[in-house]
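Coordinate analysis (summary)
Residues per chain are reported as follows:
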Amino acid sequence: MSLPPIPGVNADDVRTELTRAPERLSGNATAAGHRAAAVLGPDVAADDWGRPPDPERPHPVVLVHGTLGDRQYVWREAVPAVKAAGHRVFRLNYGEMPSLPGLYGLADVRLSARELAAFVERVLADTGAPKVNLVGHSQGGMLPHYYLKYLGGADKVHHVVGIAPSNHGVTVEGLTALVRQAVGVRDIVEERMLFRVSPAFTQLLHDSEFIRELTAHGDTVDGVRYTVIWSTRDEVVQPPTSQRLTPSEPGHEVTNLCLQELAPDNRTTHMAMPYDPVVLREVVRALNG
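Source: prediction; values computed, not measured.

1. Some remarks on helix 4 (residues 139-150)
With 12 residues, helix 4 ought to run about 16 Å at 1.5 Å a step, and its terminal C-alpha atoms sit 17 Å apart, in line with that. By the criterion of burial, helix 4 is predominantly enclosed, with 10 of the 12 residues buried. Looking only at helix 4, the buried set comprises Gln139, Gly140, Gly141, Met142, Leu143, Pro144, His145, Tyr146, Tyr147 and Leu148. Among the residues trailing helix 4, Gly152 stands out with phi positive, at a value near 80 degrees.

In structure tokens, the structure reads:
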């Protein structure tokens, strides 16, 4: 038995949809809980502006949220974990549109990449470091690739770690699923409206002109290490295997980690990936490597 295309539903098999609904609800609840905590409570920690360089951890870490995320709630678990490993941590908001204040990751991705580039320059100037490490979730895992390829970022980045990154774009159904799951967003703007007012929503589609430009010369560039952490339970970036990167040239360092190969019983979905203990363990391991 199969379903016709339904917004927010990406699989055709009814049994798959029914069995995975609880894990999606759990993932949404996890993200919603962190969003509420970020609004109601203090930040988990301050960014490390002015912290002296550490020769054992020479590359400060810049955390890049995804579509409809922000610098606080997405990284409430990651900041303490990365700081505990001795890394300096910095976070930015990007992609805010005047017509949708307080929502991030919606502007033209090329402009968002320029915001990331400017933020990296600020971090390098503050820390005196030669390069940064970038850790991004969803769009925030894809965004660095434009920075590396077209804005001179390859000379300023040591390692890119993507958590459920939309490296090769997403489907309309996947983006609709994201909007339906983002807490409070449906009360602000109906999902189809976002495709009309947000450049990023159109650019993120797998067959967009932007994705063709992004991937035209391969996935990777010289001098940068890459790690991708993806889940077979991802309902936003479809198919989940599209998150993996392929080295553009021999010698390019790429590590693709499937969460279920690390923890077979893990059922973490897209929204909950930044909070998963196994994911965070692998992020820290990648940064320490």
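Next comes the rest of the description.
2. Description of the nonpolar core
The biggest cluster of nonpolar side chains holds 39 residues, and the ones touching the most others in it are Val62, Leu116, Val132, Leu134, Val157 and Val224. The element best represented in this core is helix 3 (residues 109-127), accounting for 8 residues. Once you skip the residues sitting within four places of it in the chain, Val132 turns out to touch His59, Pro60, Val62, Val120, Val123, Leu124, Lys156, Val157, His158 and His159. Counting 30 residues, the second largest nonpolar core, distinct from the first, contains Ala31, Ala78, Leu259 and Met273.

3. Observations regarding the pairing of strand 3 (residues 132-137)
With 6 of 6 residues buried, strand 3 is to be regarded as a mostly interior element. In this structure, strand 1 (residues 61-64) lies alongside strand 3, joined through 4 bridges in parallel fashion. From the neighbouring strand, Val64 faces strand 3, where its bridge partner is Gly136. With 6 bridges joining them, strand 3 and strand 4 (residues 157-163) adopt parallel strand pairing.

4. A word on the pattern of salt bridges
As enumerated under the stated definition, the model contains 11 salt bridges in all. For the salt bridge of Arg71 with Asp47, the shortest nitrogen-to-oxygen distance reads 2.8 Å. In this pair, Arg71 sits in the loop between strand 1 and helix 2 (78-84) while Asp47 sits in the loop between helix 1 (14-40) and strand 1, placing the two residues 24 residues apart along the sequence. Residue Arg71 is classed as partly exposed on the basis of its relative accessible area of 21%. For Asp47, a relative accessible area of 12% corresponds to the buried category. With its nearest N and O atoms 2.6 Å apart, the salt bridge here joins Arg110 to Glu213. Of this pair, Arg110 sits in helix 3 while Glu213 is found in helix 9 (residues 209-215), placing the two residues 103 residues apart along the sequence. Overall, the relative accessible area of 22% leaves Glu213 in the partly exposed class.

5. Notes on the sheet that holds strand 4
Taken together, 6 strands build an open sheet; the order of strands is 2-1-3-4-5-6 and the sheet is parallel. Edge positions in the sheet fall to strand 2 (89-92) and strand 6 (254-258), since each has one partner strand and no second. Sheet twist, expressed as the average angle between the axes of neighbouring strands with direction ignored, equals 15 degrees. The pairing of strand 1 with strand 2 spans 4 bridges and is classified as parallel. Bridge pairing in strand 2 links Val62 to Phe90. On the sheet, helix 3 packs against strand 1, strand 2 and strand 3 and is oriented at approximately 150 degrees with respect to strand 2. Relative to the sheet, helix 4 contacts strand 1, strand 3, strand 4 and strand 5 (225-230), its axis offset from that of strand 3 by approximately 135 degrees.

6. Some points on the pairing of strand 5
One face of the sheet, then the other: side chains in a regular strand alternate in exactly this way. Of all 6 residues that make up strand 5, 5 are buried, and the element is covered over most of its length. With 5 bridges connecting them, strand 4 and strand 5 associate as parallel partners. When the sheet's bridge partners are listed, Val161 is paired in strand 5 with Thr227. In the sheet, strand 5 pairs with strand 6 via 5 bridges, with the strands oriented parallel. When the bridges of strand 6 are listed, Tyr226 appears paired with Val254.

7. Thoughts on the confidence of the model for the chain
For the chain, per-residue confidence averages 87 on the pLDDT scale, and residues scoring 70 or more make up 85% of the total. Taken as a whole, residues 1-12 scores under 50 in pLDDT and shows 29 contacts with residues more than four places along the chain or in a different chain.

8. Details of the side chain of Ser198
By the secondary structure assignment, Ser198 is in the loop between helix 7 (191-197) and helix 8 (199-203). Engagement of the side chain of Ser198 in a polar contact is seen with the backbone oxygen of Leu106, the distance being 2.6 Å. Once you skip the residues sitting within four places of it in the chain, Ser198 turns out to touch Met97 and Leu106.

9. Observations concerning the packing of aromatic side chains
Enumeration according to the criterion identifies 4 aromatic pairs in this entry. Between Trp49 and Phe119, the ring centres sit 5.8 Å apart and the planes meet at 80 degrees, which makes this aromatic pair edge-to-face. Highlighted residues: Trp49 in the loop between helix 1 and strand 1 and Phe119 in helix 3, separated in sequence by 70 residues. Under the relative-accessibility criterion, Phe119 is labelled buried at 10%. Both rings, one in Tyr146 and one in Tyr150, keep their centres 4.8 Å apart while their planes meet at 40 degrees; by these two values the pair is tilted. Taken together, the residues span about one helical turn, with Tyr146 and Tyr150 both in helix 4 at a distance of 4 residues. Taken together, the ring pairs connect Trp49, Phe90 and Phe119 into an aromatic cluster. Lying over the aromatic face of Trp49, Arg122 brings its terminal NZ or CZ to 4.0 Å of the ring centre.

The rules behind the values
Residues numbered from 1 in each chain as written. Predicted model: local features only at pLDDT ≥ 70, side-chain atom pairs only at ≥ 80, totals over all residues. Heavy atoms only, no water. Helix = DSSP H or I, 4+ residues; strand = E, 2+ residues; numbered from the N terminus. Expected span 1.5 Å × (residues − 1). Buried < 20%, exposed > 50% of the residue type's maximum accessible area, 1.4 Å probe, protein only. Core = buried A, V, L, I, M, F, W, Y, C linked by side-chain atoms within 4.5 Å. Contact = heavy atoms within 4.5 Å. Pairing = 2+ DSSP bridges. Salt bridge = Lys/Arg side-chain N within 4 Å of Asp/Glu carboxyl O. Axes fitted to C-alpha atoms, helices over the stretch in contact; angles between N-to-C directions. pLDDT = per-residue confidence, 0-100. Polar contact = N/O pair within 3.5 Å; in protein donor to acceptor, adjacent residues only side chain to side chain. Phe/Tyr/Trp six-rings, centres within 6.5 Å; stacked < 30°, edge-to-face > 60°. Lys NZ or Arg CZ within 6 Å of the ring centre and 35° of its normal.

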